Amino acid sequence: MNEKLNNWINWVLYDELMDGKINAPKHLLGNHDYGDGQVITCYRPHSAAVSIKSPSGKTSIPMEKVSEEGFYGIYFPTKKFKGNKYRLVTEYYDGTTVTTADCYSFDGLFTDYDAYLFAEGKDYDIYNKMGAHPMTIDGVKGTYFAVWAPDARRVSVVGDFNMWDGALNPMQIHSASGVYELFMPDVMPGAIYKFQILTRYGEILYKADPYGNYNQVRPDNANIVADINSYNWKDEKWMAERAKIGRVERTKRPMSIYECHLGSWKKKVEDSDFDFFNYRELAVMLGDYLTEMGYTHIELIGIAEYPFDGSWGYQVTNYFAPTSRYGEPTDFMYFVDYMHSKGISVILDWVPAHFPRDAHGLGRFDGMPLYENADPRKGEHPDWGTYIFDYGRNEVANFLTSNALFWVEKYHVDGLRVDAVASMLYLDYGKQDGQWVANKDGGKENLEAIALLRNINTLMEQRNPGAYLIAEESTAWPGVTAPASMQGLGFLFKWNMGWMNDFLEYMKLDPYFKKFNHNRLTFSLSYAYAENYILVISHDEVVHLKCSMLGKMPGLEFDKFANLRTAYGFMLGHPGKKLLFMGQEFAQGREWSEARSLDWWLLENPLHKGVQEYVKELNHLYTKYDAFYYNDNEVMGFEWIKVDDADSGIVTFVRRGKTAKNQMMVICNFVPVERKDYRVGVPCLTTYTEILNSDDEKFGGLGRTNKGRKLVAEEAPCDRSDKSMVLDIPPLSTIILKYDYKN
């Protein structure tokens, strides 16, 4: 062996390389200055020979085979090759020759400043460094890989480009940050990869990339290199307009949300676990359908990659990757882009409350608790069998914060609905005594999670004006939608779970028992202005033997449909934005299952078709008249007219918008009793126009409407008013009257 080469080689690092334990391979491999000369080394196991040549191919110099294990080196008395300006030509015994740039000759891209910000939990663009990023460096095309694994002994990039051999491409650790990085020449989009991790205890783990942008279709669980910067967005006008919408103005705009699970909205092939429609196909079908139906928003469940279909996407393993069930990342970008072209906002379900134990996922990522808290009383959900994020660890908080921003900034998503917020806020959520640890003040509030949520909401508002977060929060936690600057959590909206539970329990009752449960119908107005609410009838209410919305309704078939139409009418009139899960807009008969399409064939039945037409009409009325949404959070926006007569089963109320014109009066009859020439109190002396009656024949009713009837108020006390009028109220019905207010 050349003496200079022998003197330069660090034989301790050499032994670590041979043992597969090296975490700083660039200290041994690659191009190194040595006095006036240079040393170049490489590791090519099972090879016959390696030579160095210039990129032009004019110079080719054999390297010395230092050991039979495949370690090669060469000493040049002068600095013959600068940086990465050379190529390694590897010859194998079968005659195969591979020419490539030397991955260990490229400088790292993860800087000390990146490390500082990441350790502080403030590198909010960290997804631009972590993960796999196709790029060209000094004219060499390849992919830059980076992963955080501070407790690992060694991390390697493995994939279909290196025979999944962890010995070939160990990554370089960056100082004390625990981040490993490596630029891999010739690894292009479409390459399949994982990180092979050697733990401190000698165990070999194969982990999916926490920041990876694209995954194999389950049950395979490796990542796929993807270029997510190549998509040509066409929604510049949408994004510019979105940025102008302030926090208060957003609450005064209509939101009729269609909650949707893409894989079961319509399946390309029934009884197939793999043959789904593509994001691009779904964009057109759904976009056109939602436009026709009058929806303003779509909320997607199950987009961030997850392995088990039955989790619906609430057991996420890859937070930065849209599920590949429906296509590639750019296909999902097209989906969002197309929705924006149709005037439809896109909301994603986001799950920072917990993550599953799948072996390839985040759990015990580098052999030790990393993303989860090491104390199982803080780091595990006993009921769910999942891990809880360690919200107090800066790098983990950074992961979640950057992920929230990622979907909004990279995929132009308009909002995130945050799942299971209550489980984040309370340390004792779902736990028995002895299964949780109090906070530093002795309380059960999760102070770190609270700080995280406030920070995310604050940053979202600062960096992406017009984008917003929605809390699925099921307790009476105060100030969920108050700004973080006012000690609130900073969400813009909160799901009204209390209204949903009370209302559905009321609607399920036999009409006789409704009068004894009248408070279930009216109680929600006592707290309607405490938060910015969204009224929800979500997927959770139509699964696990809870019955579909139609199945919840009492009575025989015709009454079930009439009850359902009445319920939807009341929901329209009640303060709060609106959300309905897919299928309920046409009275899906069966409970929802992710394994099959919605029962679209039901639309051949006039009753189901009638409900669809009814929901369509409700949506269009909702967006047409601002009385239904503009003052959702103002006391002036709602007033009971008839609310005290539980025996009658009838309630009436008014909704007010920006002006005295086009105000609304809603009448709901929750019992199967027809009221002919029924007197109701009214807010003012004027003429009222019936603009919707759920008993209309086109909605599947019997046509008992007030069409052609002049509805004029008179001075006659009734209900809570000194003015009233007479009209017909069908059984189990909702009537909406339009009027202009007059003193």
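Here the structure is shown first, and the text comes after it.
Residues numbered from 1 in each chain as written. Predicted model: local features only at pLDDT ≥ 70, side-chain atom pairs only at ≥ 80, totals over all residues. Heavy atoms only, no water.

## Notes on a nonpolar patch on the surface
Together, Y512, F513 and F516 line one region of the surface with nonpolar side chains, adding up to about 360 Å² of accessible area. Its location among the elements puts F516 in the loop between α14 (511-514) and α15 (518-522). (Patch = residues over 30% accessible without salt bridge, like charges linked within 9 Å, V, L, I, M, F, W, Y side chains within 5 Å. Areas by Shrake-Rupley, 256 points an atom, 1.4 Å probe, with all protein chains shown as cover. Salt bridge = Lys/Arg side-chain N within 4 Å of Asp/Glu carboxyl O. Helix = DSSP H or I, 4+ residues; strand = E, 2+ residues; numbered from the N terminus.)

## A word on helix α12 (residues 447-463)
Over its 17 residues, α12 runs 24 Å from end to end, which matches the ideal 24 Å to within 8%, given 1.5 Å per residue. Where α12 is concerned, the buried positions are A449, I450, L452, L453, I456, N457, L459 and M460. Against β21 (345-350), α10 (394-409), β24 (415-418), α11 (421-425) and β25 (468-471) lie the buried residues of α12. (Expected span 1.5 Å × (residues − 1). Buried < 20%, exposed > 50% of the residue type's maximum accessible area, 1.4 Å probe, protein only. Contact = heavy atoms within 4.5 Å.)

## Looking at the environment of A353
Mapped onto the fold, A353 is located in the loop between β21 and α9 (376-379). Remark: the alpha-carbon pair of A353 and N464, spanning 111 residues in sequence, is separated by 23 Å.

## Description of the sheet that holds strand β30 (residues 650-655)
Taken in spatial order, the 6 strands line up as β29-β30-β31-β36-β33-β34 in an open sheet, and their pairing is antiparallel. Lying at the two open borders of the sheet, with one neighbouring strand each, are β29 (638-642) and β34 (711-712). Note: β29 against β30, 4 bridges, orientation antiparallel. Within β30, the residue paired with W640 across the bridge is F653. (Pairing = 2+ DSSP bridges.)

## Let's talk about the nonpolar core
Nonpolar side chains in soluble globular proteins generally cluster together in the buried interior. Within the largest apolar cluster, 203 residues are counted, with the highest numbers of intra-cluster contacts made by Y258, F335 and Y371. If sequence neighbours within four positions are ignored, Y371 has contacts with W148, P210, Y211, F355, L362, F365, I388, F389, D390, V396 and F399. One finds I641, I667, V682 and I729 within the second-largest nonpolar core, a separate group that totals 18 residues. (Core = buried A, V, L, I, M, F, W, Y, C linked by side-chain atoms within 4.5 Å.)

## A look at the packing of helix α7 (residues 279-293) against helix α8 (residues 329-341)
Look at α7 against α8: their axes get within 8 Å of each other, and the N-to-C directions meet at 15°. Classed by the angle they form, the pair α7 and α8 counts as roughly parallel. In this structure, α7 meets α8 at a crossing whose hand is right-handed. Contacts between α7 and α8 involve Y279, R280, L282, A283, V284, L286, G287, D288 and L290 on the former and, on the latter, T330, D331, F332, Y334, F335, Y338 and M339. Of the residues that constitute the contact of α7 with α8, the class distribution is 11 nonpolar, 2 polar and 3 charged. (Axes fitted to C-alpha atoms, helices over the stretch in contact; angles between N-to-C directions. Parallel < 35°, antiparallel > 145°, perpendicular 65-115°, else oblique. Left-handed = near helix turned anticlockwise from the far one by under 90°. Nonpolar A, V, L, I, M, F, W, Y, C, P; charged D, E, K, R; others polar.)

## Let's talk about the layout of surface pockets
In this structure, the largest pocket encloses a volume near 540 Å³. What lines the largest pocket is a set of 22 residues, among which R44, V98, F161, N162 and N169 lie closest to the centre. Mapped onto the lining of the largest pocket, the elements with two or more residues apiece are β7 (87-92), β8 (97-101) and β13 (179-185). Grouping the amino acids of the lining of the largest pocket by side-chain chemistry returns 13 nonpolar, 5 polar and 4 charged. Empty space within the second largest pocket amounts to approximately 440 Å³. As for the second largest pocket, its lining consists of 22 residues, and the residues nearest its centre are W384, D419, A420, E472 and D540. Of the residues belonging to the lining of the second largest pocket, the class tally is 9 nonpolar, 7 polar and 6 charged. (1 Å grid on protein atoms, 1.4 Å probe; cavity = no way out; pocket = protein on both sides within 12 Å on 5 of 7 lines; lining within 4 Å. Points joined across faces, edges and corners; volume = space filled by probe spheres on them.)

## So, the pattern of salt bridges
One pass over the structure, following the stated rule, counts 43 salt bridges. Salt-bridge contacts for R153 lead to E16; the nearest nitrogen and oxygen are separated by 3.1 Å. Within this pair, whereas R153 is found in strand β11 (residues 152-159), its partner E16 is found in helix α2 (residues 11-19), the two being separated by 137 residues in sequence. Across the salt bridge formed by E299 and R417, the nearest N and O atoms sit 3.9 Å from each other. Taken as a pair, E299 in strand β18 (residues 297-300) and R417 in strand β24 lie far apart in primary sequence, 118 residues in all. Summarising the burial analysis for this pair, E299 and R417 share the class buried. Among the charged side chains, a network of salt bridges with common partners joins E299, D349, R417, D419 and E472.

## A word on unusual backbone geometry
R218 connects to P219 through a cis peptide bond whose omega is 10°. Backbone geometry places D138, a non-glycine residue, at a positive phi of 50°. Relative to the helices and strands, D138 resides in the loop between β9 (131-137) and β10 (140-148). Accessibility expressed as a relative area gives 47% for D138, which makes it partly exposed. Positioned with a positive phi, C547 is a non-glycine residue whose angle comes to about 75°. Residue placement: C547 occurs in the loop between β27 (533-537) and α16 (549-552).

## A few points about empty space enclosed by the protein
Under the counting rule described, the total for this entry stands at 6 cavities of 30 Å³ or more. Volume-wise, the largest cavity comes out at about 160 Å³. Taken together, 13 residues form the lining of the largest cavity, with S256, M571, K578, L580 and N619 sitting closest to its centre. Contributions of two or more residues to the lining of the largest cavity are made by β17 (256-260), α17 (557-573), β28 (577-581) and α18 (606-624). Considering each element in turn, the lining of the largest cavity owes the most residues, 4 residues, to α18. Across the lining of the largest cavity, the residue classes tally to 10 nonpolar, 2 polar and 1 charged. Here the second largest cavity is characterised by a volume of approximately 90 Å³. What lines the second largest cavity is a set of 13 residues, among which A304, V316, D349, W350 and V351 lie closest to the centre. Elements that contribute at least two residues to the lining of the second largest cavity include exactly β21 and α10. For the lining of the second largest cavity, the leading source of residues is β21, giving 3 residues.

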